[in-house]
Amino acid sequence: MDSYASQLDALSRKGNLRKLPEMEPQGLYLVRDGQEMLNLSSNDYLGLADNVALKSEFLQTLDPRKCRFSSTSSRLLTGNYPVYTRLEERLAQLYGAESSLVFNSGYHANSGILPAVTDSRSLILADKLVHASIVDGIGLSKARCIRYRHNNYEQLERLVAENAGEYDRLFVVTESIFSMDGDESDLPRLVALKHRYPNLYLYLDEAHAFGVRGPHGLGCAEEHGVIGDIDFLVGTFGKAAASVGAFVICSEEMKQYLVNTMRTLIFTTALPPINLEWTLFIVNKICDMTERREHLARIGRRVREVLNPLNGGILSSSHIIPYVLGESERAVDVALRLQREGFYLLPVRPPTVPAGTSRLRISLTAECSEADIERLVSTIQQIQSSL
Ligand code: PMP
């Protein structure tokens, strides 16, 4: 049996050792070892996390006698503060849906919903690149699971046709914008597939699209006009919404079922009411942030123009744009070079991404100016020509 120390050494030799970085985010920038860098590694896509005007406006709405920094209990005991109901009703209303349910994080949502709604008579068909939180949810469920090749709908349709009659329920699980490649699933095609099979459920993780896509920022399902066709539409508040937590848009019956069966909802302390108030405050603002969304789309197009041709077939179509470098050592080296030039980018390595596709993950924020983006692309072009 290898000691823990020798396993850490092995990770280090391959350039795959992870460390908690010491740094201090400051608005659009981040300071590390005294150096100020443009932060291109957060998920603050709309640039709201450090918006002083929004924070001040929110703080003025608070009454210290009423606001609470902890719920001190699970939702099923005394943690279900009225702000949960206000937030869930607002989300359901925005999505034109029957119901919604809020969770402590996207990790809680994804690791909890699938084990709750599946059993040994279920089949999960999940895209090869779904997030680790979904993979863990699959691991905890009693269902059989087949992973289909990334965005390969011929394979998915074949698997559905072969298995629909063999299982009580089929769950097709995917993300709308993929967290590491920044590409997208084909929602109209998935919805068409769902309508051919009465026992097929669509589970869509919109973590990277909520706030960013669609006329009101509700995500890619809103953009494609298919919200009503998604059985489990998951969004998170820790990214564009600059808060914490997550939600699912679903039927009222499904909400009640989850409240009764979902372990990551039942057996954890509810979110602090003050965070829920901030989430509701932001959700109400986000619908009208069209200019920020348009600016983000514009700068995304510019960065993709330069990087997509370098990425060996990985084609981002969003504000998440990888710079694929191959071996981990190379990704680490290029990350350091870009950091020296004032861009805070981090290497993403196996097991987060497949071996041989280590990369930098550029996640743009609407706070970046066109000038910031021009400097970024010209620095990348210089580095690329020296590789
Ligand atoms: N889903 C996806 C696609 C994600 O990328 C992430 C986090 N990066 C999560 C879910 C987890 O969300 P949270 O950070 O709220 O736990």
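Residues numbered from 1 in each chain as written. Predicted model: local features only at pLDDT ≥ 70, side-chain atom pairs only at ≥ 80, totals over all residues. Heavy atoms only, no water.

Caption draft 1: Structural detail: the state of the cysteines. For the structure shown, the criterion picks out 0 disulfides. Among the cysteines around Cys250, which has no disulfide bond, Cys287 carries the closest sulfur, lying 19 Å off. (Disulfide = S-S within 2.5 Å.)

Caption draft 2: Molecular detail of the sheet that holds strand E5 (residues 122–127). Strand order in the open sheet formed by 7 strands is E4-E10-E9-E8-E7-E5-E6, with mixed pairing between adjacent strands. Taken across any chain shown, the strands that pair with only one partner, and hence form the sheet edges, are strand E4 (99–103) and strand E6 (144–148). The mean inter-strand angle of the sheet, taken between neighbouring strand axes irrespective of direction, is 20 degrees. Note: E5 against E6, 5 bridges, orientation parallel. In the strand pairing of E6, Asp127 is matched with Tyr148. Against the sheet, helix H3 (residues 82–95) engages E4, strand E9 (232–236) and strand E10 (246–250), with an angle of about 130 degrees to E4. (Pairing = 2+ DSSP bridges. Helix = DSSP H or I, 4+ residues; strand = E, 2+ residues; numbered from the N terminus. Axes fitted to C-alpha atoms, helices over the stretch in contact; angles between N-to-C directions. Contact = heavy atoms within 4.5 Å.)

Caption draft 3: Region of the structure containing the side chain of Lys239. Its place among the elements puts Lys239 in the loop between E9 and E10. Here Lys239 is buried and forms no salt bridge, its nearest opposite-charge partner Asp205 lying at an N-O distance of 7.5 Å. Discounting chain neighbours no more than four positions away, the residues touching Lys239 are Asn43, Asp44, Tyr45, Ala207 and His208. (Buried < 20%, exposed > 50% of the residue type's maximum accessible area, 1.4 Å probe, protein only. Lys, Arg positive; Asp, Glu negative; His and termini not counted. Salt bridge = Lys/Arg side-chain N within 4 Å of Asp/Glu carboxyl O.)

Caption draft 4: Representation of the domain arrangement of the protein. When cut into domains, the protein gives domain 1 (17–46 + 290–386) and domain 2 (82–286). With 20 residues of domain 1 at the interface, the matching set in domain 2 holds 20 residues. Of the roughly 1,500 Å² buried where domain 1 meets domain 2, counting both sides, 54% is carbon and sulfur surface. On the domain 1 side of the interface with domain 2, the three residues burying the most area are Tyr45, Leu46 and Arg293, jointly 32% of the side's total. Put simply, domain 1 and domain 2 have 1 salt bridge between them. Run the count over domain 1 and domain 2 and you get 12 residue pairs in polar contact (both at pLDDT 80 or more). Where the side of domain 1 that touches domain 2 is concerned, the elements lending two or more residues are helix H12 (290–307), strand E11 (320–326) and strand E14 (358–363). No other element matches the 3 residues that H12 contributes to the side of domain 1 that touches domain 2. When its residues are assigned to classes, the side of domain 1 that touches domain 2 shows 9 nonpolar, 7 polar and 4 charged. (Domains from an automatic or database assignment. Buried area = accessible area lost by both parts, 1.4 Å probe. Polar contact = N/O pair within 3.5 Å; in protein donor to acceptor, adjacent residues only side chain to side chain. Nonpolar A, V, L, I, M, F, W, Y, C, P; charged D, E, K, R; others polar.)

Caption draft 5: Summary view of the site of the ligand. Surveying the vicinity of the ligand reveals 13 residues, the closest of which are Gly106, Tyr107, Asp205, His208 and Lys239. In the model, an oxygen atom of the ligand is placed 2.7 Å from a nitrogen or oxygen of the Gly106 main chain. Within the contact set of the ligand, a nitrogen atom lies 2.6 Å away from a side-chain nitrogen or oxygen of Asp205. Burial of the ligand by the protein chains amounts to 80% of its free accessible area of 390 Å². For the shell around the ligand, the leading source of residues is helix H4 (residues 106–117), giving 3 residues. Its residues assigned to classes, the shell around the ligand shows 2 nonpolar, 8 polar and 3 charged. (Near = heavy atom within 4 Å. Areas by Shrake-Rupley, 256 points an atom, 1.4 Å probe, with all protein chains shown as cover.)

Caption draft 6: Just unusual backbone geometry, in detail. Pro350 connects to Pro351 through a cis peptide bond whose omega is 5 degrees. Among the structural elements, Pro351 can be located in the loop between strand E13 (347–348) and E14. Even without glycine at this site, Thr72 takes up a positive phi of about 55 degrees. Secondary-structure assignment places Thr72 in the loop between helix H2 (52–60) and H3. The exposure class assigned to Thr72 is exposed, which follows from its relative accessible area of 56%.

Caption draft 7: Representation of the packing of H4 against helix H5 (residues 132–140) within the structure. Following both chains from N to C, one finds H4 and H5 inclined at 30 degrees, their axes separated by 7 Å at the closest point. On the basis of their axis angle, the class for H4 and H5 is roughly parallel. Crossing handedness for the pair H4 and H5: right-handed. Counting all contacts with H4, which are made through Gly106, Tyr107, Asn110, Ser111, Leu114 and Pro115, the residues of H5 involved are Ser133, Ile134, Asp136, Gly137, Ile138 and Leu140. Residues belonging to the contact of H4 with H5 are distributed by class as follows: 6 nonpolar, 5 polar and 1 charged. (Parallel < 35°, antiparallel > 145°, perpendicular 65-115°, else oblique. Left-handed = near helix turned anticlockwise from the far one by under 90°.)

Caption draft 8: Region of the structure containing helix H13 (residues 328–340). Taking 1.5 Å as the rise per residue, H13 with 13 residues should run 18 Å; its terminal C-alpha atoms sit 18 Å apart, in good agreement. All of the buried residues in H13 are Ser328, Ala331, Val334, Ala335, Leu338 and Gln339. Viewed along the axis of H13, the buried residues span an arc of 140 degrees, placing them on a single side of the element. Gly342 occupies a position one or two residues after H13 and carries a positive phi of about 95 degrees. (Expected span 1.5 Å × (residues − 1). Arc of directions from axis to C-beta.)

Caption draft 9: Structural detail: helix H11 (residues 273–286). Relative to the 20 Å expected for 14 residues at 1.5 Å per residue, H11 spans 20 Å between its end C-alpha atoms, a close match to the ideal helical length. A large share of H11 lies buried, amounting to 10 of its 14 residues. Taken as a whole, H11 has its buried residues at Pro273, Ile274, Leu276, Trp278, Thr279, Leu280, Phe281, Ile282, Val283 and Ile286. Turning to H11, the residues buried within the fold contact H2, H3, E4 and H12.

Caption draft 10: Representation of the packing of aromatic side chains in the model. Inspection of the entire model under this criterion finds 10 aromatic pairs. Pairing Tyr95 with Phe247 gives two aromatic rings, centres 5.8 Å apart and planes at 50 degrees, and the pair type is tilted. Taken together, the positions of Tyr95 in helix H3 and Phe247 in strand E10 put the pair 152 residues apart, joining distant regions of the chain. Judged by its relative accessible area of 0%, Phe247 falls in the buried class. (Phe/Tyr/Trp six-rings, centres within 6.5 Å; stacked < 30°, edge-to-face > 60°.)

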